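Here is what each chain is made of, one letter per residue.
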Number of protein chains: 2
Amino acid sequence: NRALHRIIVWTLLLTVTVCDGWLFDGFAARRHSESDEVALWPLPQKFQTSVDAFRLSSASFQIVHAKESTAGPSCSLLQNAFRRYYSYIFGNGRKHGKNLENVFDADLAELQVQITSADPECDGYPSLKSDESYQLEVNQPTAVLKAASVWGALRGLETFSQLVYEDDYGGQNINKTSISDFPRFAHRGILLDSSRHYLPLKVILANLEAMAMNKFNVFHWHIVDDQSFPFQSRTFPDLSHKGAYHPYTHVYTPADVKMVIEFARMRGIRVLAEFDSPGHTFSWGKGQTGLLTPCFSGSSPSGTFGPVNPILNSTYDFMTRFFKEVSTVFPDAYIHLGGDEVDFSCWKSNPDIQKFMDQQGFGQDYRKLESYYIQRLLDIVSTTNKGYMVWQEVFDNGVKLKADTQIHVWKEKPPYQDEMARITAAGFQTLLSSPWYLNRISYGQDWLGIYKADPQNFNGTAEQKKLVIGGEACLWGEYVDATNLTPRLWPRASAVGERLWSDENVKDVGSAYDRLVKHRCRMVRRGIPAEPLYIGFCPHEYSGN
Amino acid sequence: NRALHRIIVWTLLLTVTVCDGWLFDGFAARRHSESDEVALWPLPQKFQTSVDAFRLSSASFQIVHAKESTAGPSCSLLQNAFRRYYSYIFGNGRKHGKNLENVFDADLAELQVQITSADPECDGYPSLKSDESYQLEVNQPTAVLKAASVWGALRGLETFSQLVYEDDYGGQNINKTSISDFPRFAHRGILLDSSRHYLPLKVILANLEAMAMNKFNVFHWHIVDDQSFPFQSRTFPDLSHKGAYHPYTHVYTPADVKMVIEFARMRGIRVLAEFDSPGHTFSWGKGQTGLLTPCFSGSSPSGTFGPVNPILNSTYDFMTRFFKEVSTVFPDAYIHLGGDEVDFSCWKSNPDIQKFMDQQGFGQDYRKLESYYIQRLLDIVSTTNKGYMVWQEVFDNGVKLKADTQIHVWKEKPPYQDEMARITAAGFQTLLSSPWYLNRISYGQDWLGIYKADPQNFNGTAEQKKLVIGGEACLWGEYVDATNLTPRLWPRASAVGERLWSDENVKDVGSAYDRLVKHRCRMVRRGIPAEPLYIGFCPHEYSGN
């Protein structure tokens, strides 16, 4: 009789073998062959499932804390997640709780969530070191999700919800399944840019939702830049009052920032704020007189301004106070300090800068001046006990860096493979964005190239490869705002999500296409306007707007 | 004192001179220099304005039928338009009507709309010959909009609404202005494809709204194709029941189609339906057995199907009945019959087709077989008293065409300029889409290339140029659906809108950029998620979704 139970093994890992001991005869399980309707994204590390299907009743199915769990009803992060995933599975507005006793033999009665660490981290923040692994056993009458902390539980809840599929009668079903899962990389980020265009909170929150659906765990908030300064500082309110597109309608208040951080935390997502300097700071100058370098035209000031003025003590006083505030506003252990694309022409034009260069013995090497500035900035930020992340130029220009600095690779030339080899050979942690500038668009299925890129695809030792903490999909803001950001990012960023979560051998684009088509329809059904990969349809088309 | 009244002439036409007789001294007009906040799109043919500004009170401003108008309150098309444009100007939910008598000296009390033709065409459908010209005089206390028919009035109402600007106190203002306007081309279309992806009605209606904001007047509905047949036919219900993505959720019922046509009519937009054949018909075959050519593999049928089978009488019987229905469902005087991209390989494989080719003396020239089919189809459609439009291949392949056939140019090779020269030299009307395939995307400001293309930019006589009836922006559906269609189309299609409406000398991209940035913010404010051209912000960002 066991021959009836065709075991479907989806995982590509050699370490997984079909479990001999799965004897289903004792279960009152229906046979259901629609497991191909299930599309897991990103693909779990180890995964086996059978054709035995259980029903989920919206009236009685529950997600509950396991008795043995170190977390309980006081863990609002999980309570919220239970509610969220119940809604994803059944939609809103279902009656529940009337028939809790009315569980049939073929039903999956509940999902028990068991946190195993002494500290479940219910009220903590996710970090680079968070344990996101989980084990999920779906069996009748109870499914069990085990994780060391809430962070793994969140990932497992997402996977559980993706296992549920709708049958032809609108009922929700799930197959007997066993999953053991963990991320390949610890840093899986999305960069949004709220300076080139202001992004209303609603857009940011919707993208945090989409990130959780794709197991991303870092929101890299490129919050300010040349064009506008929407971050409202308590210490320096003029920065946004004069530097934002509009001082009231186009700013993020402290309450807004708090909400983003908490909304992200509830989904296991870190908020990594970037305050890029000394370049990309034009908007800072509007509210902070004297911060930027006055450019000269011949022997007189031209009236325009360049990068942050690195020769004034007032600059470092300002940065000290500013980053002190930033370090308290953003709880994450890291701050992104930028450091990219510094244009030296204004510094070159300024006689005071030239004099300083002479005094310091920098000659005409403005990279040394840049390094001088960055070095002092890093010292300032170090006093806040934050780690820092910088764009690759800071490494390229030879700035002395703390050993735990993370170098963010974004350039296409030199080839990013060479850059990552150099950075890791020097012993630094690194993360990749070069092939994942998703603001760049072209006609057709460009997710394929996005999917194929791999952060560990460079010549280096195993030790070097271990220094790769992950990567980020970047959506720079020149051409996107609330009107088009979300469909432009999703599901293209999903391709990055699987690359950073799943095993390195998960790279069959045929399988990826089939799963991603269904995964994007799932995002659409959950209210995310993820664009189509190609011709086709979703059972439930996007109805927002 | 007259020197104070700086007359701003925006028009680029030499025929317009500053009117000497504008004496404003008698008006209780405020001076307002913010006319640069006004961004007209597309730019009217003749336009002069002054700095004298009048206020519009939401409580008392009215859009009314002029006493002399041949249209009155029974003209529901205009009644609806009045309400729509009042909302665009003031937003919804304002109190109105309490202070109709309370008009101040500096106020613009009302806009009078005067239809001058004996038949205002309130209940008619727009056509290629509709007169869309209008004259608009904004002066205190009354503005007057004159047009021969409702179609011109609709265009003038849009322009009037674009003249209104918000001051720093949230009040609405309009400057003394005189406009005489008419379209450069009679056919200004947008093609949407509801076959590669199903487009919910909401999306189609939103785009009809956006079309009206850009003075487009043709919705080319590429309603069916290989991938799906969402058009629900009363005569052949199996076509959509078996050929749509889903027989209930992914179809357009007769009521849906009626709604689209009426919604478009209210905005002066024709609905030009395309039923493309003999190629692009795979989905037709699902609900109409025997319609498509069976392909052969060697001497036996392969089980796959090719284009419509042109050698069977049953094919022409079907087409006769089908197009009889189509011609009554769609009131427009034209039907688009497609005729593009016919793949001959299936015809070649079929022995019955080969036999027919021999009988007809076609040799191995399958273009002759295609022409045979198209010729019979055109004869069928002619009996419905419709004119027809076809893709350029039908002309290229030498099909005998009625003199009033419109040839739709879409290929990039040979250069469209050569093609249009040939078509017009043969005496046919033509319209251009080659440079306006807006489904094709690239990184950056591609609206510039879109804007620069001109349908009359080919070598030909003045007579030939007159045969160019306009053009269409096409958004083919492979990569767009409800999630991303609207921001991908707008404001890029707006560039086509100005090219087809405004004078041929309106081509300054600097002026166009400034106006289009504001015009896209206006679309956003009216609820259309038109994407940004580049860095910047809108006073009212998109809040939908």
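Residues numbered from 1 in each chain as written. Chains lettered and ligands numbered in written order. Predicted model: local features only at pLDDT ≥ 70, side-chain atom pairs only at ≥ 80, totals over all residues. Heavy atoms only, no water.

## Observations concerning the overall build of chain A
Argument step 1. Helix and strand counts for chain A stand at 17 helices and 19 strands.
Argument step 2. Against the compact-globule benchmark of 24 Å for 545 residues, chain A has a radius of gyration of 25 Å, which places it among compact chains.
Argument step 3. Considered along the principal axes of its C-alpha atoms, chain A spans approximately 90 × 50 × 50 Å.
Argument step 4. At a minimum sequence separation of 6, the contacts of chain A that also span at least 24 residues come to 74%.
Argument step 5. Split by element, the accessible area of chain A, about 20800 Å² in all, is 50% carbon and sulfur.
Argument step 6. Here chain A carries 55 positive and 61 negative side-chain charges, and the mean point of each set is 2 Å from the other. (Helix = DSSP H or I, 4+ residues; strand = E, 2+ residues; numbered from the N terminus. Rg over C-alpha atoms; globule rule 2.2 N^0.38 Å. Contact = heavy atoms within 4.5 Å. Areas by Shrake-Rupley, 256 points an atom, 1.4 Å probe, with all protein chains shown as cover. Lys, Arg positive; Asp, Glu negative; His and termini not counted. Charge placed at Lys NZ, Arg CZ, Asp CG, Glu CD.)

## Re the state of the cysteines
All names here are of chain A.
Argument step 1. Scanning the model with the defined rule gives 6 disulfides over all chains in all.
Argument step 2. Here Cys-75 engages in a disulfide with Cys-122; their sulfurs sit 2.0 Å apart. Torsion about the S-S bond of the Cys-75 and Cys-122 cystine: about -110 degrees, corresponding to left-handed handedness. In this pair, Cys-75 is assigned in the loop between β4 (62-65) and α1 (76-90) and Cys-122 in the loop between β5 (110-115) and β6 (134-138), connecting sequence segments 47 residues apart.
Argument step 3. Here the cysteine-cysteine linkages of chain A are recorded as 1-2, 3-4, 5-6, numbering only bonded cysteines and doing so in sequence order. (Disulfide = S-S within 2.5 Å.)

## Details of the pattern of salt bridges
Argument step 1. Tallied over the full model, the rule gives 39 salt bridges over all chains.
Argument step 2. Notably, a salt bridge pairs Asp-193 of chain A with Arg-196 of chain A, separated by 2.9 Å at the nearest N-O pair.
Argument step 3. Asp-193 of chain A gets classed as buried once you look at its relative accessible area, which sits at 2%.
Argument step 4. The salt bridge involving Asp-454 of chain B is made with Arg-184 of chain B; its shortest N-O contact spans 2.8 Å. A residue pair is termed long-range when its members are at least 10 positions apart, and Asp-454 of chain B in the loop between α13 (447-452) and α14 (462-466) and Arg-184 of chain B in the loop between β9 (172-181) and β10 (187-193) qualify at 270 residues.
Argument step 5. The exposure class assigned to Asp-454 of chain B is buried, which follows from its relative accessible area of 12%.
Argument step 6. Accessibility expressed as a relative area gives 19% for Arg-184 of chain B, which makes it buried. (Salt bridge = Lys/Arg side-chain N within 4 Å of Asp/Glu carboxyl O. Buried < 20%, exposed > 50% of the residue type's maximum accessible area, 1.4 Å probe, protein only.)

## Observations regarding the interface of chain A and chain B
Argument step 1. Contact residues are listed per partner, giving 42 residues for chain A and 42 residues for chain B.
Argument step 2. Roughly 3900 Å² of surface becomes buried between chain A and chain B when both sides are summed, with 58% attributable to carbon and sulfur atoms.
Argument step 3. If you look at where chain A meets chain B, you find 4 salt bridges.
Argument step 4. Of the charged contacts, one joins Glu-531 of chain B and Arg-488 of chain A as a salt bridge, the two residues approaching to 3.1 Å between their closest N and O atoms.
Argument step 5. Our count for the chain A to chain B interface comes out at 25 residue pairs in polar contact (both at pLDDT 80 or more).
Argument step 6. Elements with a contribution of two residues or more to the side of chain A that touches chain B: α15 (485-489) and α17 (509-525) of chain A.
Argument step 7. Residues of the side of chain A that touches chain B, tallied by class, amount to 19 nonpolar, 14 polar and 9 charged. (Buried area = accessible area lost by both parts, 1.4 Å probe. Polar contact = N/O pair within 3.5 Å; in protein donor to acceptor, adjacent residues only side chain to side chain. Nonpolar A, V, L, I, M, F, W, Y, C, P; charged D, E, K, R; others polar.)

## Side note on helix α5 (residues 254-265) of chain B
Residue and element names in this part refer to chain B.
Argument step 1. Helix length check: α5 (12 residues) gives 16 Å between terminal C-alpha atoms against 16 Å at 1.5 Å per residue, within 8%.
Argument step 2. Within α5, the full set of buried residues consists of Asp-256, Val-257, Val-260, Ile-261, Phe-263, Ala-264 and Arg-265.
Argument step 3. Packed against the buried residues of α5 are α1 (76-90), α2 (150-163), α3 (201-213), β11 (218-222), β12 (270-274) and α7 (313-329). (Expected span 1.5 Å × (residues − 1).)

## A closer look at the relation of the copies chain A and chain B
Argument step 1. For these two chains of identical sequence, chain A goes onto chain B by a turn of 180 degrees and a shift of 0.0 Å along the axis, with RMSD 0.0 Å. Here the copies are linked by what is in effect a two-fold axis. Ranked by how close their C-alpha atoms come to the rotation axis, the residues of chain A are headed by Ser-442 of chain A, at 2.4 Å.
Argument step 2. A high fraction, 100%, of the interface residues of chain A reappear at the interface in chain B, so the copies pair face to face through one surface. (Least-squares fit on C-alpha atoms with pLDDT ≥ 70 in both.)

## Thoughts on unusual backbone geometry
Glycine aside, residues mostly have negative phi angles, and peptide bonds mostly take the trans form.
Argument step 1. Omega for the peptide link from Trp-41 of chain A to Pro-42 of chain A comes to -10 degrees, which places this bond in the cis form.
Argument step 2. For the peptide bond that leads from Trp-490 of chain B to Pro-491 of chain B, omega is 5 degrees, which places it in the cis range.
Argument step 3. Relative to the elements of secondary structure, Pro-491 of chain B occurs in the loop between α15 (485-489) and α16 (492-501).
Argument step 4. With phi around 60 degrees, Lys-215 of chain B is a residue other than glycine that occupies positive phi space.
Argument step 5. In this structure, Lys-215 of chain B sits in the loop between α3 and β11.
Argument step 6. A positive phi angle, close to 65 degrees, is found at Asn-385 of chain B, a residue other than glycine.
Argument step 7. With respect to the secondary-structure elements, Asn-385 of chain B resides in the loop between α10 (366-382) and β16 (387-391).

## Focus on the confidence of the model for chain A
Argument step 1. Averaged over all residues, the pLDDT of chain A equals 92, while 91% of them reach at least 70.
Argument step 2. Below a pLDDT of 50 lies the segment residues 1-29 of chain A, which in the model reaches 60 contacts outside its immediate sequence neighbourhood of four places, other chains included. (pLDDT = per-residue confidence, 0-100.)

## Section: the UniProt feature "domain: Glycoside hydrolase family 20 catalytic" (unreviewed entry) in chain A
Argument step 1. The UniProt entry lists residues 185-503 of chain A under the feature "domain: Glycoside hydrolase family 20 catalytic" (unreviewed entry), expressed in the numbering used here.
Argument step 2. Counting secondary structure, residues 185-503 of chain A comes out at 40% helix and 18% strand; the distance between its end C-alpha atoms is 10 Å. (UniProt positions renumbered as here; feature names shortened; annotations may be inferred.)

## Quick notes on the side chain of Asn-309 of chain A
Argument step 1. By the secondary structure assignment, Asn-309 of chain A is in the loop between β14 (300-308) and α7 (313-329).
Argument step 2. Discounting chain neighbours no more than four positions away, the residues touching Asn-309 of chain A are Gly-290, Leu-291, Leu-292, Thr-293, Pro-294, Thr-315 and Ile-353 of chain A.

## Overview of the packing of aromatic side chains
All names here are of chain A.
Argument step 1. Counting across every chain of the model gives 77 aromatic pairs over all chains.
Argument step 2. On the basis of an interplanar angle of 55 degrees and a centroid distance of 6.1 Å, the ring pair of Phe-61 and Phe-90 is categorised as tilted. Separated by 29 residues along the polypeptide, Phe-61 in the loop between β3 (46-56) and β4 and Phe-90 in helix α1 bring together distant segments of the chain.
Argument step 3. The class for Phe-61 is buried, based on a relative accessible area of 0%.
Argument step 4. The side chain of Lys-215 reaches across the aromatic face of Trp-501, ending 5.7 Å from its centre. (Phe/Tyr/Trp six-rings, centres within 6.5 Å; stacked < 30°, edge-to-face > 60°. Lys NZ or Arg CZ within 6 Å of the ring centre and 35° of its normal.)

## Comments concerning the pairing of strand β3 (residues 46-56) of chain B
Residues and elements named next belong to chain B.
Argument step 1. Of all the 11 residues making up β3, 9 are buried; the element is thus mostly covered by neighbouring parts of the structure.
Argument step 2. Bridge count for β3 against β9 is 8 bridges, and the pairing is antiparallel. Pairing of Phe-54 across the sheet is with Ile-174, part of β9. (Pairing = 2+ DSSP bridges.)

## Side note on the environment of Phe-395 of chain B
Residues and elements named next belong to chain B.
Argument step 1. With respect to the helices and strands, Phe-395 occurs in helix α11 (residues 392-396).
Argument step 2. On the basis of relative accessible area, Phe-395 is assigned to the buried category, the value being 18%.
Argument step 3. For the pair formed by Phe-395 and Arg-526, sequence separation is 131 residues and the distance between their alpha carbons is 41 Å.
Argument step 4. Setting aside residues up to four positions removed in sequence, Phe-395 forms contacts with Leu-401, Ile-407, Glu-419, Arg-422, Ile-423, Ala-426 and Phe-428.

## Considerations on the packing of α1 of chain A against helix α2 (residues 150-163) of chain A
When two helices pack together, their arrangement is given by the angle between the helix axes and the distance between those axes.
Residue and element names in this part refer to chain A.
Argument step 1. The contact between α1 and α2 brings their axes to 10 Å, and the two run at 10 degrees. The angle between the axes of α1 and α2 places the two elements in the roughly parallel class. Residue-level contacts link Leu-77, Leu-78, Ala-81, Phe-82, Arg-84, Tyr-85 and Ile-89 of α1 to Val-150, Trp-151, Ala-153, Leu-154, Leu-157, Glu-158, Phe-160 and Ser-161 of α2.
Argument step 2. Classifying every residue of the contact of α1 with α2 gives 12 nonpolar, 1 polar and 2 charged. (Axes fitted to C-alpha atoms, helices over the stretch in contact; angles between N-to-C directions. Parallel < 35°, antiparallel > 145°, perpendicular 65-115°, else oblique.)

## Considerations on the pairing of β6 of chain A
Residue and element names in this part refer to chain A.
Argument step 1. The alternating pattern of β6 places Tyr-134, Leu-136 and Val-138 on a buried face, while none of Gln-135 and Glu-137, on the opposite face, is buried.
Argument step 2. Examined bridge by bridge, β6 and strand β7 (residues 142-147) share 5 bridges and lie antiparallel to one another. Of the residues in β7, the one forming a bridge with Tyr-134 is Ala-147.
Argument step 3. Linkage of β6 to β7, two consecutive antiparallel strands, is achieved through a turn of 3 residues.
Argument step 4. Note: β6 against strand β9 (residues 172-181), 5 bridges, orientation antiparallel.

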